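Here's the letter readout for the chains.
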Amino acid sequence: MTIFTKPADGVFAPYNSDGSARSVDNHEVQVWGTEVETVINAFISTGGLLFSSKAALDADLAHAANSMAWVIGDATTANNGVYRKVGASGSGSWTRVSDLPFSFIIASDVGAGAPNAIQATTSIPVSASALIWMNVFEANTGSPVTVSFNGGSALTIKTNAGNNVAAGGLVAGTIVLGIVSGSTFRLVSDQASAAIVAAAEAAQAAAEAAAASINQRIFTALADAQAATIPAVVKLLQTQFRAPNYAVPATLVGGARYRRISFADLGSYPALSYFRSVDRFMPDGSTDATNGGYWVIDEAVIDIRMLGAVLDGTDNGNTAAIQAMASFEQARSAKDAVIRLPAGDILLSGAVNVTDRNLRIVGEGFNETRLRYTSGSATINFLSTDTTGTPANAHTLETDGLTIVADVVSAAGAGPVAINAAWSYTGSAGVGRAIFKNTHIIGAAAGKWWQKGIRLVDAARVTFDNVEIYNLDGHQTCLSPAAVEIVRNNASNITGFFASNFWLGRFVNGFLFSQAAAAVTTGTIEGIYLANGEIVNVAYGIQEDNAALANAFFDSVAMTNVHINASRAFVLAGRSRGLRMNECYCFAQNFGDSTPAPLEAGFKFRLQSDGLILGAGNSFTRSPSITAVAPLILFPDMGSVNWARVDGNQMSDWEYVANSTGALSDLPLKLFIGKNSYINMSTLTPAGLGFKGNMTTIGGNGSVATGTVINFGHTFSGAPAVVAVYRGNSTSVRVWVDAVTTTGFTLRHDGAGNQTFSWGAVGT
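Counting restarts for each chain, with residues numbered from 1 along the sequence as it is written. Predicted model: local features are reported for residues with pLDDT of at least 70 only, side-chain atom pairs are reported and counted for 80 or more only, and whole-chain, interface and lining totals are derived from all residues. Each side-chain value is worked out from all heavy atoms of the structure, with water and hydrogens disregarded.

## Thoughts on the overall build of the protein
Secondary structure elements are taken from DSSP: a helix is a run of H or I of four residues or more, a strand is a run of E of two residues or more, and numbering for both begins at the N terminus. The helix and strand inventory of the protein stands at 7 helices and 49 strands. In this analysis, two residues are considered to be in contact whenever any of their non-hydrogen atoms come within 4.5 Å of each other. Look at the contacts in the protein between residues 6 or more apart in sequence, and 69% of them connect residues 24 or more apart. For the protein, the accessible surface area stands at approximately 31,900 Å², while carbon and sulfur atoms represent 54% of it. Here the accessible surface of atoms and residues is derived via Shrake-Rupley with a 1.4 Å probe, and residues count as covered only by protein chains that are part of the display.

Structure, rendered in structure tokens:
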């Protein structure tokens, strides 16, 4: 009979008897503590003593009659207990009066013995009056079965009915209760009935299956799971890390959930997404030597670190992991492949290829996720072989929230291509194809060039939003072909290119539209809309490369609030139809090129120009650093020009507003020059040509003596209004104009020698 309301292992147990978690009850602790104190006080008040063996007790008789003593820890179990002194101090003996006052003892079986000869240990001695709780480490394989507690005598395990335990009757992982009875350990349960055994086993299997449906095994590393024999009832497992090295924090990543799968169902899942454990269980619980024991990642959203990538400053499995992620998404989706990249530097040393899937490359944010290309072969290749062009079959490409860095030394113009994408539709391609947003493509340093940032073949309905593409050195990077190249090859028409909030720099071309080598020679690149962007430190801001094809057109190009700094031309095109520009600032400059090509023109048309409009608010300037003179607009033979309008712009330091590489006779009928402002323009058109026009503003500045004749460089239909302003340091010098004609005026001032001034003329 116990003297405690509830034993300590019950008061402080972390789990209830049904396995559910429990909290310690403060009231139960108070009751238990009070009872312990009562026992200790009672024991001490009567002179209580503790001995580790019966022999030590018998050797100590120097105690008064009725003194109490406990023996705990004697190798002979029966010697442990409560004793009373008989006889006066120095004589007599000790008499055992009861077992130690423990009603419930926990025994631990850790596998030190054998399946049929169990060795268990307890923290306190066992006795016949205490109920013993013991786990079973491994199932017994025969009968009878013995158990030895704390190295004591072997006790034969008997069922409650007194029968030997049947082979397999003690199941690994189960708990048994019993008491020591002579030379036996008598169980509370009875396994003599086969029906009871069968029912219990069925109940056990059902309970385990239910538990497996809501629980999963947890392994520290993938290697631990590979080396494990995992019970058939376990259908899911979790790894904490993939391949941890605790001395390298970057490796403490990659944990994932896995589910059982048949090898026959793995299909195109990449090898990095699955593994095999030691067992050969199938998802249905059966065994299969060929297909069993396989596990595949079972995460709604996966991370490249689950597939072996390690962000430690090297390509430590990154390229293979990124390719595996794309292949994994392709395997489990009919159409989509998603590459999700974590924050940090991710080194890529080879190509990642995705075919016939929608591809999304998603990072943690602009300049948070940095994908660093460390070889010239590193790239992301996207290919759609669909030829129908329907929305249901078209494959799309999207990037968002990442920075891609060229981090390999290469000759200028020979570096990697960040993204290389191609479609195969041969008709008029108008179905949405690509979206690039919040994407940053840069060179890591001088000498680490991009050959091209983004290259798209037969793409259509392409959107760029908050995109930056540039190299990091001025003159050398002019050998890199293009920040963005859009190629028409097999498609007859590609249409719809939208760019806003963009920054392109340090390439030969900002945007390069290529169709000169198209397999289909008749076709159009059309519908290009650029707004709120910069194209700087380039040879050509925009180039369409057709120089010979009779029926390949560059159609409907519109630019608003775009800044272009170019050394050869702002726009170079073959057969242009409908080029419009408003509120743009364009500046022709050499940018320190070691061997700059001469300035060709602001806008140059090789073969044809129809409908050029340079509208309100544009500014076009040629820097004095460019010694070669050139016109703002250079048309082909005027027979290949339909019409052009230049109105509401400011122009500075151009040879002409317009000129032609061929016959000029039709220019006055096709060119309208409206209200513009001219600074340091020697002549608006070649001598004697004229043009359609109305009110015009021109101007200039200089330093001349009084009486000098200033020529306009343009013939007005009548004498214009002219004003001159003194720009020197003296407050006493006056400047005025005299003798204004349709071709010029005479400058007068009252200063000595040459005086600095500016002038402007307004007329028709």
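## Remarks on helix α6 (residues 318-332)
Multiplying one less than the number of residues by 1.5 Å gives the expected span of a helix. With 15 residues, α6 ought to run about 21 Å at 1.5 Å a step, and its terminal C-alpha atoms sit 21 Å apart, in line with that. When we look at burial in α6, the residues that qualify are N318, T319, A321, I322, A324, M325, A326, F328, E329 and Q330. On its buried side, α6 packs onto β16 (294-297), β17 (336-340), β18 (344-348), β19 (351-355) and β21 (369-373). Throughout this description, buried means an accessible area under 20% of the type-specific maximum (1.4 Å probe, protein chains only), exposed means over 50%, and partly exposed covers the range between.

## Some thoughts on the state of the cysteines
By convention in this document, the label disulfide applies to cysteine sulfur atom pairs within 2.5 Å. Taken as a whole and assessed by the stated rule, the structure comprises 0 disulfides. C584 carries a free sulfur, and the closest cysteine sulfur to it, the one in C586, is 5.8 Å from it. On the basis of relative accessibility, which here comes to 2%, the residue C584 falls in the buried class. The class of C586 is buried, set by a relative accessible area of 0%.

## Things to note about unusual backbone geometry
Phi is mostly negative for residues that are not glycine, and the peptide bonds are mostly trans. For the bond running from S143 to P144, omega is 0°, close enough to zero to count as cis. With a phi angle near 50°, R461 is a residue other than glycine that sits in the positive phi range. Here R461 is to be found in the loop between β27 (452-457) and β28 (462-470). Look at N532: it is not a glycine, yet its phi comes out positive at around 55°. Considering the arrangement of structural elements, one finds N532 in strand β32 (residues 523-544). A relative accessible area of 40% means that N532 is categorised as partly exposed.

## As for the sheet that holds strand β14 (residues 257-261)
In this scheme, strands are said to pair when DSSP sees at least two bridges between them. The 5 strands lie next to each other as β12-β13-β14-β16-β15, forming an open sheet whose pairing is mixed. A strand with exactly one partner marks an edge of an open sheet, and here the two such strands are β12 (217-219) and β15 (274-276). With direction set aside, neighbouring strand axes in the sheet form an average angle of 30°. Relative to β16, β14 runs antiparallel, the two sharing 4 bridges. Paired with R259 across the bridge in β16 is V296. Structural elements are reduced to axes, namely lines fitted to C-alpha atoms, with helices fitted over the stretch in contact, and the angle between N-to-C directions of any two is expressed from 0 to 180 degrees.

## Here we look at the environment of K437
Inspection of the secondary structure assignment puts K437 in strand β26 (residues 434-443). According to the relative accessible area criterion, K437 is partly exposed, its value standing at 28%. When the C-alpha positions of K437 and E468 are compared, they lie 9.5 Å apart, and in sequence the two are 31 residues distant. Sequence-distant contacts of K437, defined by excluding residues within four places in its chain, comprise E398, T399, D400, G401, D465, N466 and V467.

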